[in-house]
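Structure assessment
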Amino acid sequence: MKELFKQFNIDLTDEMIAKFDKFFEMMIDYNKTTNLTAITDKKEVWIKHFLDSVISASDIPENASVIDVGTGAGFPGIPLKIVRPDIKLTLVDSLNKRVIFLQQLCEALGIEAEIIHSRAEDLARTDKREAFDVCVSRAVSSLVTLCEYCLPFVKPNGVFIAYKGAGAMEEINSALYAMSVMGGYFAKEQYFSLPENMGNRNILIIKKVDTTPTIYPRGQNLPKLKPLVK
């Protein structure tokens with residue numbers, strides 16, 4: 001795994017490997033009673049979850065405040081914190097069972113992170129609004145929906161980093177209007193193939209240049225049901 005991570009300019013220490021191994025063990029054990037992941041093979045977890053999560057580590061400024069929206073089992077936030085201990089991490093998820101797992105995991109790994117049980121649209125109405133240098137999300141929602149949920153957390157001049165699959169270009173085009181409404185613009189796409197033929201991925205960088213209007217994100221699941229498209 002050191003060799004595979006090195007291909008993406010990430011140097012794993014023995015301490016990092018030990019934390020990833022502990023992460024894997026705890027996730028698989030907790031997964032027996034609470035659905036955290038459909039991927040349980042150790043090699044697949046290392047590549048599809050751990051490596052995939054940290055591929056954007058170089059896009060995050062030093063000592064940045066980072067919020068992971070819809071983190072689920074802790075992806076990509078916790079792997080990023082393992083390889084970038086300088087970041088200040090906040091994890092957000094709407095399911096309490098996952099939040100409990102994240103609390104136990106961070107304690108076991110010795111990771112300092114703020115873990116919040118909340119829906120994104122509710123948390124964005126608090127002092128967390130426009131409080132972060134970076135927002136990351138590997139959530140399965142469409143990019144247009146994610147822009148409305150995630151960009152309100154980002155400070156002007158910060159970035160939203162979206163982890164998407166191979167067909168991201170179509171999503172980018174349909175989300176350009178939502179990006180502009182939220183005060184952002186599409187800055188960069190990074191396309192890469194995971195090792196061992198485990199799939200193609202896109203890292204999408206959306207730059208925040210202006211404040212987000214206070215009416216966003218909308219409640220009642222509207223970002224998903226009625227996405228902001230022209």
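Anything mentioned here points back to the structure above.
The notes below deal with the structure included here.

**A look at the overall build of the protein chain**
Broken down by element type, the protein chain carries nine helices and seven strands. Overall, the C-alpha framework of the protein chain stretches about 45 × 35 × 30 Å when taken along its three principal axes. The proportion of buried residues among the 230 residues of the protein chain is 55%. Expressed as a percentage of contacts within the protein chain between residues at least 6 apart in sequence, the contacts between residues at least 24 apart total 69%. Surface exposure of the protein chain reaches about 10400 Å², of which carbon and sulfur atoms provide 49%.

**Points about the pattern of salt bridges**
The full count for this structure, using the stated rule, is 18 salt bridges. Among the ionic pairs, Lys-42 bridges to Asp-21, the shortest N-O distance being 3.2 Å. With Lys-42 in helix α3 (residues 42–54) and Asp-21 in helix α2 (residues 14–30), this residue pair connects regions lying 21 residues apart in the sequence. Judged by relative accessible area, Lys-42 falls into the partly exposed class, the value being 39%. Between Lys-188 and Asp-59 there is a salt bridge, and its shortest N-O distance comes to 3.2 Å. One end of the pair, Lys-188, is in strand β6 (residues 184–193); the other, Asp-59, is in the loop between α3 and β1 (65–69), and 129 residues separate them in sequence. Judged by relative accessible area, which is 35%, Lys-188 ranks as partly exposed. Judged by its relative accessible area of 19%, Asp-59 falls in the buried class. One continuous salt-bridge network, built from bridges that share partners, spans Asp-52, Arg-138 and Arg-201.

**Considerations on the sheet that holds strand β4 (residues 132–137)**
Strand pairing in a sheet relies on backbone hydrogen bonds, with the paired strands running either antiparallel or parallel. Read across the open sheet, the seven strands follow the order β3-β2-β1-β4-β5-β7-β6; overall the sheet is mixed. Bordering the open sheet on either side are β3 (113–117) and β6, each of which pairs with just one other strand. Neighbouring strand axes in the sheet, compared pairwise and without regard to direction, differ in orientation by 20° on average. Along the sheet, helix α7 (residues 143–150) contacts β1, β4, β5 (154–164) and β7 (200–208); its crossing angle with β5, the most-contacted strand, is approximately 145°. Lying over the sheet, helix α8 (residues 168–181) contacts β5, β6 and β7, oriented at roughly 160° with respect to β6.

**Notes on the nonpolar core**
Counting residues in hydrophobic clusters, the biggest one holds 52 residues, and the most contacted among them are Phe-23, Ile-78 and Phe-101. In terms of nonpolar packing, the next biggest core, distinct from the first, is built from 32 residues, Val-92, Leu-143, Phe-160 and Ala-175 among them.

**Looking at the packing of α7 against α8**
Between α7 and α8, whose axes approach to 8 Å, the crossing angle comes to 30°. Classified by the interaxial angle, the pair formed by α7 and α8 is roughly parallel. The chirality of how α7 crosses α8 is right-handed. Listed contacts from α8 to Leu-143, Val-144 and Cys-147 of α7 are Glu-171, Ile-172, Ser-174, Ala-175, Ala-178 and Met-179. Looking at the contact of α7 with α8 residue by residue, the class counts come to seven nonpolar, one polar and one charged.

Definitions and cut-offs
Residues numbered from 1 in each chain as written. Predicted model: local features only at pLDDT ≥ 70, side-chain atom pairs only at ≥ 80, totals over all residues. Heavy atoms only, no water. Helix = DSSP H or I, 4+ residues; strand = E, 2+ residues; numbered from the N terminus. Buried < 20%, exposed > 50% of the residue type's maximum accessible area, 1.4 Å probe, protein only. Contact = heavy atoms within 4.5 Å. Areas by Shrake-Rupley, 256 points an atom, 1.4 Å probe, with all protein chains shown as cover. Salt bridge = Lys/Arg side-chain N within 4 Å of Asp/Glu carboxyl O. Pairing = 2+ DSSP bridges. Axes fitted to C-alpha atoms, helices over the stretch in contact; angles between N-to-C directions. Core = buried A, V, L, I, M, F, W, Y, C linked by side-chain atoms within 4.5 Å. Parallel < 35°, antiparallel > 145°, perpendicular 65-115°, else oblique. Left-handed = near helix turned anticlockwise from the far one by under 90°. Nonpolar A, V, L, I, M, F, W, Y, C, P; charged D, E, K, R; others polar.

By themselves, these are just geometric observations and shouldn't be taken as functional.
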